[in-house]
Number of protein chains: 2
Amino acid sequence: MNLEGLRVMGIDPGLTRCGLSVIQAGKGRQVIPVAVGVVRTPSDAELAHRLLRLSHAVAEWMDDYKPDVVAMERIFERGNVSTVMQTAHAVGVMVLAAAERDIPVHMYTPSEVKKAISGNGRADKKQMTAMITRILGLSAPPKPADAADALAIAVCHCWRAPLLARGAAAASLAAQGAASTPRNPVNGKA
Amino acid sequence: MNLEGLRVMGIDPGLTRCGLSVIQAGKGRQVIPVAVGVVRTPSDAELAHRLLRLSHAVAEWMDDYKPDVVAMERIFERGNVSTVMQTAHAVGVMVLAAAERDIPVHMYTPSEVKKAISGNGRADKKQMTAMITRILGLSAPPKPADAADALAIAVCHCWRAPLLARGAAAASLAAQGAASTPRNPVNGKA
């Protein structure tokens, strides 16, 4: 499967700080950075205003960069309940923005992202930032951490998508094989 | 504070089943049912498609009934984590729909709703359905339960909003009083 030219938007979801990135797949495992940034919403503002602000920002990124696919970090369900709930509200709004534009969304757990980028599902922030800086050939480490995470998620998708596609194709071929097993001809014309 | 004519949309949030209602405030504590229904999304569909479907349905209700305010049940954070997360995604999408139309959103806990409707914060479903049927003068109990809950949340807002407003007004007056305490005149012209 050749992904060359595929534009991937990476999202590290959050309501107070949301990391956004766009990268483009090159030849083989090559990945080219296109954009990276962080959207912030004031924690003392009303939920409705925060979600509206986030929705506008994400829509603007999608309309400006026209990604083919969105890769998002799956929410880590432990920790402060009210932060998790806020992040879940934000995810709802961002998945909706993608759905409204017919852009497929893939979710990856933090350890899937870490494993794809560094080979170690428990890599720390420092290792991840160093790896993503090298992989994308950046002159300086991306800041803040949410921006680096958003890039890592997008690269994770670029590198995992061919494997996922190959797996799906194999499953589909196997299913086809099962369905199209030739029957014995019952007359001489076959 | 006279609420007469105020249109309240009540939402019992959920992704598989979401209860929606619209009621209108009459004189005093009178409440008039306008619409009630349940939006369902297939649990085997992708999250993106489910959120899009819910968003369209809620937008249609808001545009058809033009509520002045949305009252929503605050998510109960215990229970099945993946159901809670799905509901939180749905809440994000519905709060956004209200924000996009400049409709204020108020959240009430399940026990606030139960207390407002039945006087008992621990009332069971049967009691709640009986009360809401009587309060709204319905010829039959609303079904399913999500529809009855959506009506109860809207009525809860109608009955609590004047108290909240009075509390806010009192606090504001007290603050004004403190700020405008007359100074003693220092010359005879005062």
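Just so it is clear, the model here is predicted, and its values are computed rather than measured. (Residues numbered from 1 in each chain as written. Chains lettered and ligands numbered in written order. Predicted model: local features only at pLDDT ≥ 70, side-chain atom pairs only at ≥ 80, totals over all residues. Heavy atoms only, no water.)

1. Focus on the overall build of chain A
Then, number 1: The helix and strand tally for chain A stands at 5 helices and 5 strands.
Then, number 2: C-alpha extents for chain A along the principal axes are approximately 80 × 35 × 35 Å.
Then, number 3: Burial status across chain A gives 43% buried among its 190 residues.
Then, number 4: For chain A, restricting intrachain contacts to residue pairs at least 6 apart in sequence, the fraction spanning at least 24 positions comes to 61%. (Helix = DSSP H or I, 4+ residues; strand = E, 2+ residues; numbered from the N terminus. Buried < 20%, exposed > 50% of the residue type's maximum accessible area, 1.4 Å probe, protein only. Contact = heavy atoms within 4.5 Å.)

2. Here we look at the UniProt feature "binding site: Mg(2+) 2" (unreviewed entry) in chain A
All names here are of chain A.
Then, number 1: The feature "binding site: Mg(2+) 2" (unreviewed entry), as annotated in UniProt, sits at Glu-73 in this numbering.
Then, number 2: Structurally, Glu-73 can be placed in strand S4 (residues 69-73).
Then, number 3: Judged by its relative accessible area of 16%, Glu-73 is buried.
Then, number 4: Once you skip the residues sitting within four places of it in the chain, Glu-73 turns out to touch Ile-11, Asp-12, Pro-13, Met-107, Tyr-108, Pro-110, Val-113 and Ile-153. (UniProt positions renumbered as here; feature names shortened; annotations may be inferred.)

3. Observations concerning the layout of surface pockets
All names here are of chain B.
Then, number 1: Estimates place the volume of the largest pocket at around 710 Å³.
Then, number 2: Asp-12, Pro-13, Glu-73, Phe-76 and Asp-149 are, among the 28 residues lining the largest pocket, the residues nearest its centre.
Then, number 3: Those elements giving two or more residues to the lining of the largest pocket turn out to be helix H2 (81-100), helix H3 (110-118), helix H4 (125-135) and helix H5 (145-179).
Then, number 4: Looking at side-chain class alone, the lining of the largest pocket contains 11 nonpolar, 7 polar and 10 charged residues. (1 Å grid on protein atoms, 1.4 Å probe; cavity = no way out; pocket = protein on both sides within 12 Å on 5 of 7 lines; lining within 4 Å. Points joined across faces, edges and corners; volume = space filled by probe spheres on them. Nonpolar A, V, L, I, M, F, W, Y, C, P; charged D, E, K, R; others polar.)

4. Quick look at the interface of chain A and chain B
Then, number 1: Each partner contributes residues to the interface: chain A has 20 residues there, and chain B has 20 residues.
Then, number 2: Linking chain A with chain B are 0 salt bridges, by the criterion used here.
Then, number 3: If you look at where chain A meets chain B, you find 2 residue pairs in polar contact (both at pLDDT 80 or more).
Then, number 4: Elements that contribute at least two residues to the side of chain A that touches chain B include exactly helix H1 (47-65) and helix H2 (81-100) of chain A.
Then, number 5: Broken down by element, the side of chain A that touches chain B gets its largest block of residues, 12 residues, from H2(A). (Salt bridge = Lys/Arg side-chain N within 4 Å of Asp/Glu carboxyl O. Polar contact = N/O pair within 3.5 Å; in protein donor to acceptor, adjacent residues only side chain to side chain.)

5. Considering the UniProt feature "binding site: Mg(2+) 1" (unreviewed entry) in chain A
All names here are of chain A.
Then, number 1: Residues annotated in UniProt with the feature "binding site: Mg(2+) 1" (unreviewed entry) correspond here to Asp-12 and Asp-146. With the annotated positions falling across 135 residues, the maximum pairwise C-alpha distance of 6.3 Å places them together in a single cluster.
Then, number 2: Along the chain, Asp-12 falls in strand S1 (residues 7-12).
Then, number 3: Residue classification places Asp-12 among the buried residues on the basis of a relative accessible area of 10%.

6. Remarks on the relation of the copies chain A and chain B
Then, number 1: Overlaying chain A on chain B yields an RMSD of 0.1 Å, the required transformation being a rotation through 180° with an accompanying axial translation of 0.1 Å. Both copies of the chain, as the preceding transformation shows, are related through a two-fold rotation axis.
Then, number 2: Both copies contact each other with a shared surface, as 100% of the interface residues of chain A are interface residues in chain B too. (Least-squares fit on C-alpha atoms with pLDDT ≥ 70 in both.)

7. Comments concerning the pairing of strand S5 (residues 105-108) of chain B
Residues and elements named next belong to chain B.
Then, number 1: Pairing between strand S4 (residues 69-73) and S5: 4 bridges, direction parallel. Bridged to Val-70 within S5 is Val-105.
Then, number 2: Crossover S4 to S5 through H2 is right-handed. (Pairing = 2+ DSSP bridges. Right-handed = clockwise from strand over helix to strand, strands pointing away.)

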